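# Topology and contacts: notes
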Amino acid sequence: MRNFLIFFITFFSISHIYGQADTVKVKPTQRKYSLFNPVPKAEMKEMATDRPDATETAYTVEAGHFQMESDLFKHVRNKANQVLSTSNIFNLANYKLGLTEKMDLQLAIPVYVCNRIRNLNTGKIIQKTAGFDDITLRVKYNLWGNAGGKTAFALLPFLSFPTSSFAHNELQGGVIFPFALSLNKGLNFGTQAGLEIVKEADNAYHSNIVYSFTFGKPVNAVFNVFAEAFTSYNTYSKETGIYANAGIIYSISPNFNIDAGINYGINKEREKIIFSGFSYRL
């Protein structure tokens, strides 16, 4: 619990310090874009999203603009020891608001989740739960690259609140460090390292370490594809998860994308996930 309290205090300290950094350095005669002084549409950069890959983007939402990114449908499947676990998740949405030229505020809300555990030997359902899941509050601060350049780096602390109607979680959180690099011929590279603080079966907080990297490339004017590797290590269970992910993105307009993809657990007893969703910016 002591480790989590330290993280909790650090989360709000970082957010507070960086939240002021954009205004303290501004002279009274200068005008900076903000929530109440939005970036003009003619000056907006290309939309950057945290989906559909698992690697978070290092770029924030334009100041004064709103962005929604959602898994309209996600199916999670895991088979181990003659037990099949499935989850169907509907509208796992991340609502994002640009606060300054370097920072945005995010709220991830899973609207409806349906979980089933089935015994494969008997065919009977062992457990079935459904309802609203935990809400996550996130703050992303871009350290460099938001205004242009080949690289970008950001800080993304988050907190998950125990709002689930079927699970009995506690307050949990972590921090992610996303990095982006523009390569030649439209090829983009992204990577992240992260630390999650979660409560485990022993009723104590433990860390989960995550790392991923992704490559994205446009196929033509409207289609983009990505390929990604993702790994996690849980310090409590001593288990490592390795995933190979891929997907496709279709740009209906500069401010509206739809996508679909797969997260494939490579090592034993890891989930297989298929999903489809969209991203939209106002």
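Residues numbered from 1 in each chain as written. Predicted model: local features only at pLDDT ≥ 70, side-chain atom pairs only at ≥ 80, totals over all residues. Heavy atoms only, no water.

## Brief notes about a nonpolar patch on the surface
Applied cut-off: To count toward a patch, a residue needs a relative accessible area above 30% and no salt bridge. Like charges then connect within 9 Å, nonpolar side chains (Val, Leu, Ile, Met, Phe, Trp, Tyr) within 5 Å. Where accessible areas are quoted, they stem from the Shrake-Rupley method and a 1.4 Å probe; at the residue level, only the protein chains shown are allowed to cover. Between Lys or Arg on one side and Asp or Glu on the other, a salt bridge is scored when a side-chain nitrogen of the former is within 4 Å of a carboxyl oxygen of the latter. In this description a helix means any DSSP run of H or I spanning at least four residues, a strand means any run of E spanning at least two, and both kinds are numbered starting from the N terminus.
Judged by side-chain polarity, Val219, Phe223, Val225, Ile248, Tyr250, Ile252 and Ile258 come together as a nonpolar surface patch covering roughly 550 Å² of accessible area. Every element with two or more residues in the nonpolar patch is listed here: strand S10 (223-234) and strand S11 (239-253). In terms of residues, the nonpolar patch owes the most to one element, S11, which gives 3 residues. Along the polypeptide, Ile252 turns up in strand S11.

## With respect to the layout of surface pockets
What counts here: For cavity detection a 1 Å grid was placed over the protein atoms alone, and a set of points counts as a cavity when a 1.4 Å probe fits there but cannot get out; an open set counts as a pocket when protein lies on both sides within 12 Å along at least five of seven lines, with lining residues being those that have an atom within 4 Å of a point. Grid points are joined across faces, edges and corners, and a volume is the space filled by probe spheres set on the points. Each residue is assigned to one class: nonpolar for Ala, Val, Leu, Ile, Met, Phe, Trp, Tyr, Cys and Pro, charged for Asp, Glu, Lys and Arg, and polar for all the others, Gly among them.
Taken as a whole, the second largest pocket spans an internal volume of roughly 1,100 Å³. Lining the second largest pocket are 45 residues, with Glu46, Met47, Ala48, Thr49 and Asn188 sitting closest to its centre. Every element with two or more residues in the lining of the second largest pocket is listed here: strand S7 (172-182), strand S8 (188-199), strand S9 (205-218), S10, S11, strand S12 (256-265) and strand S13 (272-281). With 5 residues, the single largest contributor to the lining of the second largest pocket is S9. Residue composition of the lining of the second largest pocket, by class: 17 nonpolar, 19 polar and 9 charged.

## Quick word on the pairing of strand S5 (residues 135-144)
Which entries qualify depends on this criterion: Between buried and exposed lies partly exposed: a residue is buried under 20% and exposed over 50% of the maximum accessible area for its type, with that area taken using a 1.4 Å probe on protein chains only. Strand pairing follows a simple DSSP-based rule, namely that at least 2 bridges must link the two strands.
Burial analysis of S5 places 7 of its 10 residues in the buried class, which makes it a mostly covered element. The pairing of strand S3 (residues 103-119) with S5 spans 6 bridges and is classified as antiparallel. Paired with Leu107 across the bridge in S5 is Leu137. Across 7 bridges, the pairing between S5 and strand S6 (residues 151-161) is antiparallel. Within S6, the position partnered with Trp144 by the bridge is Phe153.

## Topic: the packing of aromatic side chains
The cut-off we apply is this: When the centres of two rings from Phe, Tyr and Trp lie within 6.5 Å, Trp using its six-membered ring, the rings pair. Their planes under 30 degrees apart give stacked, over 60 give edge-to-face, and anything left gives tilted.
The final tally for this structure, using the stated rule, is 12 aromatic pairs. Ring geometry for Phe189 and Phe215: centres 5.1 Å apart, planes at 50°, overall tilted. In this pair, Phe189 is assigned in strand S8 and Phe215 in strand S9, connecting sequence segments 26 residues apart. Exposure remark for Phe215: the relative accessible area of 36% places this residue in the partly exposed category. Among the aromatic residues, those joined into a ring-pair cluster are Phe189, Tyr211, Phe213 and Phe215.

## Notes on the confidence of the model for the chain
In plain terms, the rule: Within a predicted model, pLDDT stands for the predictor's per-residue confidence, ranging from 0 to 100. Note on definitions: a residue-residue contact is assigned when non-hydrogen atoms from the two residues lie within 4.5 Å.
Residues of the chain with pLDDT of at least 70 account for 89%, and the chain-wide mean is 88. Predicted confidence for residues 1-30 stays below pLDDT 50, and this span has 37 contacts to residues more than four positions away or in other chains.

## Some details on the pattern of salt bridges
Taken as a whole and judged by the stated rule, the model has 12 salt bridges. Taking the shortest distance from any N to any O, the salt bridge between Lys140 and Asp50 comes out at 2.8 Å. Of the two residues, Lys140 sits in strand S5 while Asp50 sits in the loop between helix H1 (2-24) and strand S1 (66-80), which places them 90 residues apart along the sequence. A relative accessible area of 0% places Lys140 in the buried class. Look at Asp50 and you get buried, because its relative accessible area is 6%. Its salt-bridge partner being Arg270, residue Glu239 comes within 3.4 Å of it at the nearest N-O pair. One end of the pair, Glu239, is in strand S11; the other, Arg270, is in the loop between S12 and S13, with 31 residues separating them in the sequence. Residue classification places Glu239 among the partly exposed positions, given a relative accessible area of 43%. Connected through salt bridges with shared partners, the residues Asp50, Glu56, Glu69, Lys96, Arg138 and Lys140 form a single ionic network.

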